[in-house]
Amino acid sequence: MSRAVNNIPDWRITLDGVDLSDRIRPRLISLTLSEKRGDEADQLDIVLSDHDGMLGIPPEGAVLHLQLGWKQGRDVTPGLIDKGSFKVDDVSHSGPPDQITIRARAADFTSEIRNRRSQSWSATTLGAVLTEVAERNGLAASIAPAMASIALPTATQSRESDVAFLRRLGRENDAVATIKAGQLIFVPKGAGTNAQGIALHTLTIRRRDGDRHMWQRQKRDGQEGATASWHDKKAAKRKSVTVGESDGAKKLRKVYPDEASAKRAAASESARLKRAPETLDLTLALGRPDAYPEGRVNVVGFKPGIDGGSWLIFEVTHRLDKNGGFRTDLRIETATSA
């Protein structure tokens, strides 16, 4: 009779390049990593026991690098997956029992990228604007070719941080604008691809893989079109353009500088309105370190109407605890878009 194989999670943490895993492994109370799809910084929270008072407090700004995975087990893939670098922001010490809590955020989200600035561009492309924003923040630009070539007669950043500016460009172009691993990534929302158009790994999640799930379908608001206004300088008047159903179309508040920009914004909002408003929250008993925001998911063993659909990850939370548990919480939404 074969011996059962225990599921043993694995992880590695370095501090400014020095591997601390073996030193802090016996002190680990919990480790939580939250990965976001949009412009929010990924966040790492670590709670460590300081029962003997021998644990040092990491300095502010120290850089932690994390890898997650499995050492061995059934129904898991052994090996470590790189989850990126995180800059220490907040540290607290509490007790009894004495423990240190460390909060770190994705190292790419520097203070500079959050500073407000003003700048204008004319006769350019979306790719050129994004590349300039990336370069001034020490990032590489990774932009889907179809989006990079979009012509921008004008573009204005008015007292906005680069993060807020990227968020707005993403919203106006129905795109995911995010910063991961030293790259500014700009890809179509719901495409399930990276900036080079290569499909991300598709996860298959069976109901038996999870402890808990919650599926929800929200009522549509009935709007299937959007109207955006733009200022026609030659005619010295405001004009509008509608994408989708004009009857009851949602009116965007912003006035755009040209017709092309207004039309893209209306198309982006119309696509968002038409997406099937279904979400599925999953708690997986065995952690999936290979789950990433914007990755596609196939679900099996739930119910007709849930199985067989195309799902897209928009938030991932990995949790390890002192008892050797490693689980992953997924928030996914229907990937179908207009």
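Each value, and the rule that gives it
- Residues numbered from 1 in each chain as written.
- Predicted model: local features only at pLDDT ≥ 70, side-chain atom pairs only at ≥ 80, totals over all residues.
- Heavy atoms only, no water.
- Helix = DSSP H or I, 4+ residues; strand = E, 2+ residues; numbered from the N terminus.
- Buried < 20%, exposed > 50% of the residue type's maximum accessible area, 1.4 Å probe, protein only.
- Contact = heavy atoms within 4.5 Å.
- Areas by Shrake-Rupley, 256 points an atom, 1.4 Å probe, with all protein chains shown as cover.
- Core = buried A, V, L, I, M, F, W, Y, C linked by side-chain atoms within 4.5 Å.
- Arc of directions from axis to C-beta.
- Phe/Tyr/Trp six-rings, centres within 6.5 Å; stacked < 30°, edge-to-face > 60°.
- Lys NZ or Arg CZ within 6 Å of the ring centre and 35° of its normal.

Quick word on the overall build of the protein chain
Working step 1: Counting its regular elements, the protein chain contains five helices and 21 strands.
Working step 2: Taken over 338 residues, the protein chain has a buried fraction of 44%.
Working step 3: Taking contacts inside the protein chain between residues at least 6 apart in sequence as the whole, the part at least 24 apart equals 64%.
Working step 4: Summed over all atoms, the accessible surface of the protein chain reaches about 17,700 Å², with 48% contributed by carbon and sulfur.

Considering the nonpolar core
Working step 1: Ranked by size, the top nonpolar core spans 26 residues in total, and within it Leu126, Leu130, Met147, Leu166, Leu169, Leu184 and Phe186 carry the most contacts.
Working step 2: Looking at this core, the elements with two or more residues in it are α2 (126-136), β10 (151-161), α4 (162-172), β11 (175-180) and β12 (183-188).
Working step 3: The dominant element in this core, judged by the number of residues it contributes, is α2, at five residues.
Working step 4: Counting residues in each nonpolar core, the second largest holds 25 residues, with Trp11, Leu68, Trp70 and Val76 among its members.

Considerations on unusual backbone geometry
Working step 1: Following Gly95, the chain continues to Pro96 via a peptide bond in cis, the omega torsion being -15 degrees.
Working step 2: Omega for the bond connecting Pro96 with Pro97 falls within 30 degrees of zero, at -10 degrees, which places this linkage in the cis form.
Working step 3: Along the chain, the position of Pro97 falls in the loop between β6 (79-94) and β7 (99-106).
Working step 4: Phi at Asp75 takes a positive value of approximately 60 degrees, unusual for a residue other than glycine.
Working step 5: When you line up the elements, Asp75 lands in the loop between β5 (63-72) and β6.
Working step 6: A positive phi angle, close to 50 degrees, is found at Asp174, a residue other than glycine.
Working step 7: Secondary-structure assignment places Asp174 in the loop between α4 and β11.

Observations concerning α2
Working step 1: Listed as buried for α2 are Leu126, Gly127, Val129, Leu130, Val133 and Ala134. Each buried residue of α2 lies within a common arc of 165 degrees when the element is viewed along its axis, so the set occupies one face.
Working step 2: Buried residues along α2 sit in contact with β8 (116-125), β9 (140-143), α3 (145-148), β10, α4 and β12.
Working step 3: Positive backbone phi, approximately 70 degrees, marks Gly138, located one or two places after α2.

Details of the packing of aromatic side chains
Working step 1: According to the stated counting rule, one finds two aromatic pairs in the structure shown.
Working step 2: Ring geometry for Trp70 and Phe326: centres 5.2 Å apart, planes at 35 degrees, overall tilted. Placement of Trp70 in strand β5 and of Phe326 in strand β21 (residues 326-334) is noted, with a sequence separation of 256 residues between them. We note that Trp70, like Phe326, is buried.
Working step 3: Considering the side-chain rings of Trp121 and Phe165, the 5.6 Å spacing of their centres and the 0 degrees angle between planes classify their relative orientation as stacked. Of this pair, Trp121 sits in strand β8 while Phe165 sits in helix α4; the two residues are 44 residues apart in sequence, bridging distant segments of the chain. In terms of burial, Trp121 and Phe165 fall into one category: buried.
Working step 4: Sitting above the plane of the Trp11 ring, Arg25 keeps its charged end 4.5 Å from the centroid.
Working step 5: One cation-aromatic arrangement involves Lys83 over Tyr292; the distance from NZ or CZ to the ring centre is 4.0 Å.

Function-wise, these values are silent; they only describe arrangement.
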